[in-house]
Structures are given as C-alpha cells and as structure tokens.
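Breakdown of the fold
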Amino acid sequence: MKPDSIVSIHQLNYAFGQGKLKRNVLSDIEMDLQPGEIAMIEGPSGSGKTTLLTLIGALRSIQTGSLRVFGKELLGASYNERVCVRRGIGYIFQSHNLLSFLTAKQNVWMSLQLHRELSKTEAETRAKSILAAVGLGDRLHDYPDSLSGGQKQRVAIARALVNRPQLILADEPTASLDSKSGRDVVELMQQLAREFGSSILIVTHDARIVDVADRVLYLEDGRLTRDEKNPNGIPSDRES
Ligand code: ADP
Ligand code: MG
C-alpha cells in the first residue's frame, strides 16, 4: 500500500444474507487507487461491481478486511465518520437521479449546499460555470424532463463534480446512453477530473469507453482477476 492512496483495499470479503442463506459476493479483494488515477472495473452482470463501489463509497458497511478511503479505515467506522468520507466523494449513477422538480442549476446547487462556507453568490457562480463546462450553459433553467438522456447525465456529472471531490465513483454511467453520448460523457468526466486532480473509479461493461482509463480491472464472480495498465496501449494523457 502506498501512503497517499485514495483508496486502499486489503483482504476484503463481503456476503449478503445470514446463516444458510449467506452468499459471498466479494472475495479477497486487493486493490488501490492513486491520486488522479482513472480506473475502470469491468465484469459481467452479477459479478459484484455495484457492491464493491457502494462499499468504497461508504454507502454500505464493510464486514471483514480493510478498506481505507482518503486514509480513513472504514471497517468499524461510525455513521458520522462515513458521512465525513462521503463528503469527499462525487457519485454518478446509471440513471442520473436528478430531482425532477428542480432545474439543472438547482440540482447542481443542491449538492453545493453541503459546503456551507460558500456564499449564495459564490454557489450560484460555481453552479453556472460547471454547467457551462459540461456544455449546458444555455440549459440552466431547464427541468430534467426537457433534457435528453445525455444532457441529464451531464447535469449529473456537473452535480458530482461541483464540489471538486477527491474521488468520483460512477456506476455504469453510460448504460442508458447511445455510444456517442456515452463516449462524450466519459471524456467529460476525464477532462474535469484531470482539471481538479480527482481520482475516478468507473464501473462499466461498456467496452467502447475503456480506453479512457489509465487502468482496467476485471471482476469475475466476486474476484479481481486482472489489473492492467492501459490495456489498449493508448496513453491516458494523449491530446485529441
Ligand atoms: P453487478 O453490479 O456486477 O451486476 P452486484 O454487486 O449488483 O453486481 O451484485 C452481486 C451479487 O450480489 C449478485 O448475485 C446479486 O444478486 C447479489 N446482490 C446484490 N445486492 C443484493 C442484496 N441487497 N441482497 C442480496 N443479494 C444481493
Ligand atoms: Mg451493477
């Protein structure tokens, strides 16, 4: 384990159910994620990808092994400690999870409310500028229902990134998008994360976006079976 790892996992096992119904879904997971690194986890449906991501995201309690996020051990962490870790994380889910009764700008602004040191004007400026950065500067006052799938997912990215989180966790962010929008959305995440120095962990089985990653891990039946740097040989900092 390197001392400044953003995520560091050792001997992690996780099971659903109790007694006879107990079923292991993650076994002997070892992995780390360095600052600024973009990693993807690929694997078939049911292999445990979402479970792993929710554990790393401190959205679920770990049972055995060690899982450190920002150096903080999550095994045995209290609710408040987990909330504290979550503040440093931006989440992007398969379906955008935007609030339909709030406009694009209000959805992003909501996420900023956690950062109380910002004045109303500062929050407003930040929400507007991140929406402009994802190409939605002219859709600030639109409600999610009037946006396309790709646009909604871009609002979700803006919402996850507006706090400049150290870590971004994305669960199949391109699943509901066509290949062009899917690619755009992931490249946008990559570009903003590089700008903010954030690390990204993306769970996907979308082979079309894999070359955006610095590193690809494979999860099969609850085990990490491969961990490869730039499998397609494309340097992650290429100019395009
Ligand atoms: P993936 O995201 O790779 O499709 P998941 O992490 O969602 O996989 O699921 C891994 C396994 O755990 C699956 O067999 C799934 O049925 C099971 N599972 C997921 N969530 C629960 C739950 N809340 N209770 C019981 N089993 C679950
Ligand atoms: Mg899943």
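Here the structure is shown first, and the text comes after it.
Below is a summary of the structure that appears in this document. (Residues numbered from 1 in each chain as written. Chains lettered and ligands numbered in written order. Predicted model: local features only at pLDDT ≥ 70, side-chain atom pairs only at ≥ 80, totals over all residues. Heavy atoms only, no water.)

Digging into the layout of surface pockets
Definition in use: Put plainly, a pocket is an open set of points on a 1 Å grid over the protein atoms alone with protein on both sides within 12 Å along at least five of seven lines, a cavity is a set where a 1.4 Å probe fits but cannot get out, and a lining residue has an atom within 4 Å of a point. Grid points are joined across faces, edges and corners, and a volume is the space filled by probe spheres set on the points. Numbering of helices and strands runs from the N terminus, with a helix taken as a DSSP run of H or I at least four residues long and a strand as a DSSP run of E at least two residues long. Put simply, Ala, Val, Leu, Ile, Met, Phe, Trp, Tyr, Cys and Pro go in the nonpolar bin, Asp, Glu, Lys and Arg in the charged bin, and everything else, Gly too, in the polar bin.
Approximately 430 Å³ is the volume found for the largest pocket. If you go around the largest pocket, you meet 17 residues; those closest to its centre are Ile-89, Tyr-91, Ser-111, Leu-114 and Arg-159. Of all elements in the fold, only helix H2 (79-86), strand E6 (89-92), helix H3 (104-112) and helix H5 (149-161) reach the threshold of two or more residues within the lining of the largest pocket. Broken down by class, the residue content of the lining of the largest pocket amounts to nine nonpolar, five polar and three charged.

A look at the site of ligand 1
We apply this condition: Nearness here has a simple test: a residue counts as near a molecule or strand if at least one of its heavy atoms is within 4 Å of that partner. Any pair of nitrogen or oxygen atoms within 3.5 Å is treated as a polar contact; in protein, a donor-acceptor pairing is required on top of that, and neighbouring residues in sequence qualify only through side-chain atoms on both sides. Accessible surface is estimated by sampling points in the Shrake-Rupley manner with a 1.4 Å probe; for residues, cover comes only from the protein chains shown.
All residues in the neighbourhood of ligand 1 are listed as Phe-16, Arg-23, Val-25, Pro-44, Ser-45, Gly-46, Ser-47, Gly-48, Lys-49, Thr-50 and Thr-51. Here an oxygen atom of ligand 1 sits 3.1 Å away from a polar atom, N or O, in the main chain of Gly-48. Contact between ligand 1 and Lys-49: an oxygen atom at 2.8 Å from a side-chain N or O atom of the residue. Here ligand 1 loses 61% of its free accessible area of 560 Å² to cover by the protein chains. Elements that contribute at least two residues to the shell around ligand 1 include exactly strand E2 (23-33) and helix H1 (49-56). For the shell around ligand 1, the leading source of residues is H1, giving three residues. When its residues are assigned to classes, the shell around ligand 1 shows three nonpolar, six polar and two charged.

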